[in-house]
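Observations on chain architecture
Single-letter residue listing:
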Amino acid sequence: MMRGALEVLPFILFFAVVFAFIFGSELIKILGGFIMGLSPFVVILVAVVLFLAVSIKIVPEYQRAVIFRLGRVIGAKGPGLFILIPVIDRMVKMDLRTVTLDVPTQDIITRDNVSVSVDAVVYFRVVDPVKAVVEVENYYYATSQIAQTTLRSVCGSVELDELLAEREKLNITLQEIIDRQTDPWGVKVVSVELKKID
């Protein structure tokens with residue numbers, strides 16, 4: 001937002017100079033007289049209203065706002081209403097709802113040298129929004145990559161009969177391994193389900 005305002009600033013200054021050149025000093029006298037005629041109370045009231053309009057933020061129940069003050073994390077706020085200091089504070093919203101992640105089909109060679117294609121679905125959610133913002137660049141992509149490699153390694157370490165007969169056991173094993181690896185990012189893997197084995 002600040003970058004956009006800085007990019008537009010030269011255009012605004014250019015048009016202000018052109019406008020002042022065309023209409024001369026009469027416009028400046030009129031504006032100056034109007035501003036000087038206002039009560040100091042009105043000027044302060046307008047300044048306070050503008051400050052509150054820029055600094056009041058609302059975060060819904062299912063989100064949290066990770067607040068950075070001059071580049072340092074000061075914590076997560078929300079849900080509800082809170083005030084940020086304009087220009088000094090920056091907010092990153094983080095969704096806490098459960099995410100459904102489709103793991104693409106993985107070609108796997110089982111322990112008994114049978115080639116199979118396996119895909120799965122992973123259900124996870126952010127439990128620590130500060131870690132999800134600070135500890136990993138993109139928690140969704142990182143969880144997806146870990147789910148794919150874990151699916152290949154776990155399914156590749158069992159025989160085809162076990163892969164077909166003991167899906168529940170493999171689901172629990174996958175969930176525990178992926179959850180352990182994503183825990184430092186503030187991500188909790190709720191469930192992993194093998195969908196299709198060809």
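Further up the page is the structure itself.
The present account deals with the structure reproduced in this document. Since this is a predicted model, take the numbers as computed values, not measurements.

**A few points about the nonpolar core**
Within the largest apolar cluster, 31 residues are counted, with the highest numbers of intra-cluster contacts made by Val118, Val122, Tyr139, Leu151, Leu163 and Leu194. Counting residues per element, the ones that place at least two in this core are β6 (99-109), β7 (115-126), α4 (139-156), α6 (167-182) and β8 (187-197). At seven residues, the largest contribution of residues to this core is made by α4. When sequence neighbours within four positions are dropped, the list of residues in contact with Tyr139 reads Met94, Asp95, Phe124, Val126, Ala132 and Val187. Val59, Ile67, Phe82 and Leu84 belong to the second largest nonpolar core, which has five residues in total.

**Description of the pairing of β7**
Bridge count between β6 and β7: nine bridges; the pairing is antiparallel. The residue bridging Ile109 from the neighbouring strand is Ser115, located in β7. The turn joining β6 and β7, which pair antiparallel and follow one another in sequence, is formed by five residues; a positive phi near 60° is taken by Asn113. In terms of strand pairing, β7 meets β8 through nine bridges, oriented antiparallel.

**Focus on α6**
Taking 1.5 Å of rise per residue, 16 residues should cover 22 Å, and α6 covers 22 Å from first to last C-alpha, within 8% of that figure. Considering only its buried residues, α6 is in contact with α4, α5 (160-165) and β8.

**Looking at the environment of Val59**
With respect to the element layout, Val59 can be found in strand β1 (residues 56-59). Separated by 21 residues in sequence, Val59 and Gly80 place their C-alpha atoms 5.2 Å apart. Beyond its immediate stretch of four places on either side in the chain, Val59 contacts Arg64, Ala65, Pro79, Gly80 and Phe82.

**Considerations on α4**
The terminal C-alpha atoms of α4 lie 25 Å apart, and with 18 residues this matches the ideal 26 Å at 1.5 Å per residue to within 8%. For α4, the capping residue at the N-terminal end is Asn138, with a side-chain oxygen 3.2 Å from the backbone nitrogen of Tyr140.

**Things to note about the pattern of salt bridges**
The final tally for this structure, using the stated rule, is seven salt bridges. The salt bridge partner of Arg97 is Asp95, with a shortest N-O separation of 2.8 Å. Assessed through its relative accessible area of 23%, Asp95 is described here as partly exposed. A salt bridge links Lys169 to Glu166, with the shortest nitrogen-to-oxygen separation between them at 3.6 Å. What makes Glu166 partly exposed here is its relative accessible area of 34%. Through salt bridges with shared partners, a single network forms among Glu162, Glu166 and Lys169.

Conventions we followed
- Residues numbered from 1 in each chain as written.
- Predicted model: local features only at pLDDT ≥ 70, side-chain atom pairs only at ≥ 80, totals over all residues.
- Heavy atoms only, no water.
- Core = buried A, V, L, I, M, F, W, Y, C linked by side-chain atoms within 4.5 Å.
- Buried < 20%, exposed > 50% of the residue type's maximum accessible area, 1.4 Å probe, protein only.
- Helix = DSSP H or I, 4+ residues; strand = E, 2+ residues; numbered from the N terminus.
- Contact = heavy atoms within 4.5 Å.
- Pairing = 2+ DSSP bridges.
- Expected span 1.5 Å × (residues − 1).
- Polar contact = N/O pair within 3.5 Å; in protein donor to acceptor, adjacent residues only side chain to side chain.
- Salt bridge = Lys/Arg side-chain N within 4 Å of Asp/Glu carboxyl O.

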